[in-house]
Amino acid sequence: MAYEEGVLFVPYADTIDLLTAREALRIAEDVYRMQGEGSVMASTPPSFKLDVGEPFHNHWHVKCALLKETPITGVRLYNYFDDGDRNTVGQLECGRYIILADPNTGTNKAIVEEHWTYAIRSAAATTLPLKWLGPKAPKVIGLVGVGTMATNALRCLVELYDGIEEIRCTSRRPETREAFAAKWSEKLGIRVVPKDSIEAVVRDADIGIGGTTSDEIMCQESWLKPGATYVSFTRREFEPAGWAKVDKVVVDSWEMNMLMKHFRNSSETGLFTRQMLHGEIHELVRGKVAGRESDTERNLIHTTGLVAHDIAMCHYVYEKALEKGVGIRLPSTGTGNQHDPTFDRST
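What you are looking at is a predicted structure, and each value in this text was computed from that prediction instead of being measured.

Draft legend 1. Fine view of the pairing of strand β11 (residues 207-210). With burial as the criterion, each face of β11 is covered, one bearing I207 and I209 and the other bearing G208 and G210. As judged from the 4 bridges shared by strand β8 (residues 140-144) and β11, these two strands associate in the parallel manner. Counted as the bridge partner of V144 is G210 from β11. Judged from the 4 bridges that link them, β11 and strand β12 (residues 229-233) form a sheet pairing that is parallel. Bridge assignment links G210 to a residue of β12, and that residue is S232.

Shown next, in the form of structure tokens:
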């Protein structure tokens with residue numbers, strides 16, 4: 001046990017080999033089911049933030065949850081820098097850790113560096129609803145962005161679908177999208193085409209993926225063809241005025257999305273209200289709301305992220321690390337009361 005052997009630290013380099021896209025999709029579905037069944041407990045408030053402006057431009061985000069079914073509990077600690085020009089979100093220099101504990105004893109079990117688990121969790125939890133709301137046999141995929149989120153969304157898409165014939169991609173800089181296209185064309189054996197604009201990527205695509213860290217609106221509703229589904233990773237990837245114009249919209253959690261200023265503004269101004277929502281993703285997973293009902297439906301999937309997914313992914317990584325004998329054992333702190341520094345051991 002952790003209190004006898006010391007907490008297991010699982011560094012980023014080890015996590016990469018301990019969690020695949022396919023495994024992440026399975027875990028994401030399990031957690032959505034748990035969420036719907038009421039066996040996930042989140043903290044109150046659900047998120048704690050420290051946002052400091054000049055001269056530091058430093059941000060701490062802290063979230064925690066308990067998964068009764070597993071059972072496991074954990075806290076997520078995330079620190080990054082953002083001065084408007086340089087943003088370390090998604091970069092290895094930012095701090096990302098999950099601390100896991102046994103909810104039955106309060107004993108610490110592990111500290112997992114979550115760069116990889118967070119990245120693949122975000123993609124898996126956001127693309128998974130395509131099983132219910134996406135087109136049956138998509139041929140053309142459009143990627144808005146070629147960074148971490150879009151790359152891992154692509155990893156998940158090739159797990160979800162066979163028969164993809166073309167992938168379009170765009171980014172701010174021509175050299176990044178051209179390099180991405182060359183790399184993934186060779187890796188997947190699928191034609192990957194760099195495009196100069198977001199519209200050229202999304203228009204006529206069967207599935208569009210908005211995976212950037214930008215705070216700007218990326219995709220216009222009018223670009224979606226009949227039968228298309230757009231997948232939005234937080235922020236404002238999809239035109240706010242277009243949400244009410246598509247056939248079905250699902251989110252991971254209305255409550256968590258209402259913590260985001262742009263989403264909250266859309267709700268409070270009547271652009272997109274709770275009554276317009278088709279459902280939360282756990283309702284899709286559990287068959288409580290309908291999935292795609294026609295080949296011409298245009299649907300939107302939007303997530304802001306659930307810490308329960310992060311904890312579940314890292315718990316899976318922790319157990320796999322134990323099985324494979326990887327990770328670093330930290331010194332045991334022992335048990336019982338703390339040592340009294342005034343106590344003289346020689347007497």
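There's more to say after this.
Draft legend 2. Representation of the pattern of salt bridges in the model. This model, assessed by the stated rule, comprises 21 salt bridges. Between R76 and D310 there is a salt bridge, with the nearest N and O atoms lying 3.7 Å from each other. One end of the pair, R76, is in strand β5 (residues 72-81); the other, D310, is in helix α12 (residues 307-324), and 234 residues separate them in sequence. Note on R76: relative accessible area 5%, which makes it buried. A salt bridge links E114 to R96; its shortest N-O distance comes to 3.8 Å. Taken together, the positions of E114 in the loop between β7 (108-113) and α4 (115-127) and R96 in strand β6 (residues 95-101) put the pair 18 residues apart, joining distant regions of the chain. With relative accessibility at 0%, the residue E114 sits in the buried group. A relative accessible area of 1% means that R96 is categorised as buried.

Draft legend 3. View of helix α6 (residues 148-160). Its 13 residues give α6 an end-to-end C-alpha distance of 19 Å, which sits within 8% of 18 Å, the value for a rise of 1.5 Å per residue. Within α6 the residues assigned to the buried category are M149, A150, T151, N152, A153, L154, C156 and L157.

Draft legend 4. Molecular detail of the pairing of β5. With 10 bridges connecting them, strand β4 (residues 58-67) and β5 associate as antiparallel partners. The residue of β5 that forms the bridge with K63 is R76. From the end of β4 to the start of β5, which pair antiparallel, there are 4 residues. In terms of strand pairing, β5 meets β6 through 7 bridges, oriented antiparallel.

Draft legend 5. Representation of the environment of Y316. Position of Y316 relative to the elements: it lies in helix α12. Assessed through its relative accessible area of 22%, Y316 is described here as partly exposed. In this structure the C-alpha to C-alpha distance between Y316 and I27, which are 289 residues apart in sequence, comes to 8.6 Å. Beyond its immediate sequence surroundings of up to four residues, Y316 is in contact with L18, L19, E23, R26 and I27.

Draft legend 6. Representation of the packing of α4 against α6 within the structure. Close contact between α4 and α6 brings their axes to 8 Å; oriented N to C, the two are set at 55°. Of the possible angle classes, the one that applies to α4 and α6 is oblique. Viewed along their axes, α4 and α6 form a crossing whose handedness is right-handed. Where α4 approaches α6, its residues W116, Y118, A119, I120, S122, A123, A124 and T127 are matched on the opposing element by T148, M149, N152, A153, R155, C156 and L160. In terms of residue class, the contact of α4 with α6 is made up of 10 nonpolar, 4 polar and 1 charged.

Draft legend 7. Expanded view of the sheet that holds strand β14 (residues 279-280). Spatially, β10-β9-β8-β11-β12-β15-β13-β14 is the arrangement adopted by the 8 strands of the open sheet, whose pairing is parallel. Each edge of the open sheet is held by one strand with a lone partner, namely β10 (191-194) and β14. Across 4 bridges, the pairing between strand β9 (residues 166-170) and β10 is parallel. When the sheet's bridge partners are listed, R168 is paired in β10 with V193. Along the sheet, helix α7 (residues 174-188) makes contact with β8, β9 and β10, crossing β10 at roughly 175°.

Draft legend 8. Focus on the packing of aromatic side chains. Per the stated rule, a full pass over the model turns up 7 aromatic pairs. With a centroid separation of 5.7 Å and an interplanar angle of 70°, the aromatic rings of W243 and F263 are classed as edge-to-face. Separated by 20 residues along the polypeptide, W243 in the loop between β12 and β13 (248-251) and F263 in helix α10 (residues 261-268) bring together distant segments of the chain. Like F263, W243 is buried. Arranged with centres 5.2 Å apart and planes meeting at 65°, the rings of W243 and F272 form a pair that is edge-to-face. Taken together, the positions of W243 in the loop between β12 and β13 and F272 in the loop between α10 and β14 put the pair 29 residues apart, joining distant regions of the chain. Summarising the burial analysis for this pair, W243 and F272 share the class buried. A network of ring pairs unites the aromatic residues W243, W254, F263 and F272 as a single cluster. Taking NZ or CZ as reference, R96 lies 3.7 Å from the ring centre of Y78, over its face.

Criteria and cut-off values
Residues numbered from 1 in each chain as written. Predicted model: local features only at pLDDT ≥ 70, side-chain atom pairs only at ≥ 80, totals over all residues. Heavy atoms only, no water. Buried < 20%, exposed > 50% of the residue type's maximum accessible area, 1.4 Å probe, protein only. Helix = DSSP H or I, 4+ residues; strand = E, 2+ residues; numbered from the N terminus. Pairing = 2+ DSSP bridges. Salt bridge = Lys/Arg side-chain N within 4 Å of Asp/Glu carboxyl O. Expected span 1.5 Å × (residues − 1). Contact = heavy atoms within 4.5 Å. Axes fitted to C-alpha atoms, helices over the stretch in contact; angles between N-to-C directions. Parallel < 35°, antiparallel > 145°, perpendicular 65-115°, else oblique. Left-handed = near helix turned anticlockwise from the far one by under 90°. Nonpolar A, V, L, I, M, F, W, Y, C, P; charged D, E, K, R; others polar. Phe/Tyr/Trp six-rings, centres within 6.5 Å; stacked < 30°, edge-to-face > 60°. Lys NZ or Arg CZ within 6 Å of the ring centre and 35° of its normal.

Shape is all these values report; function is a separate question.
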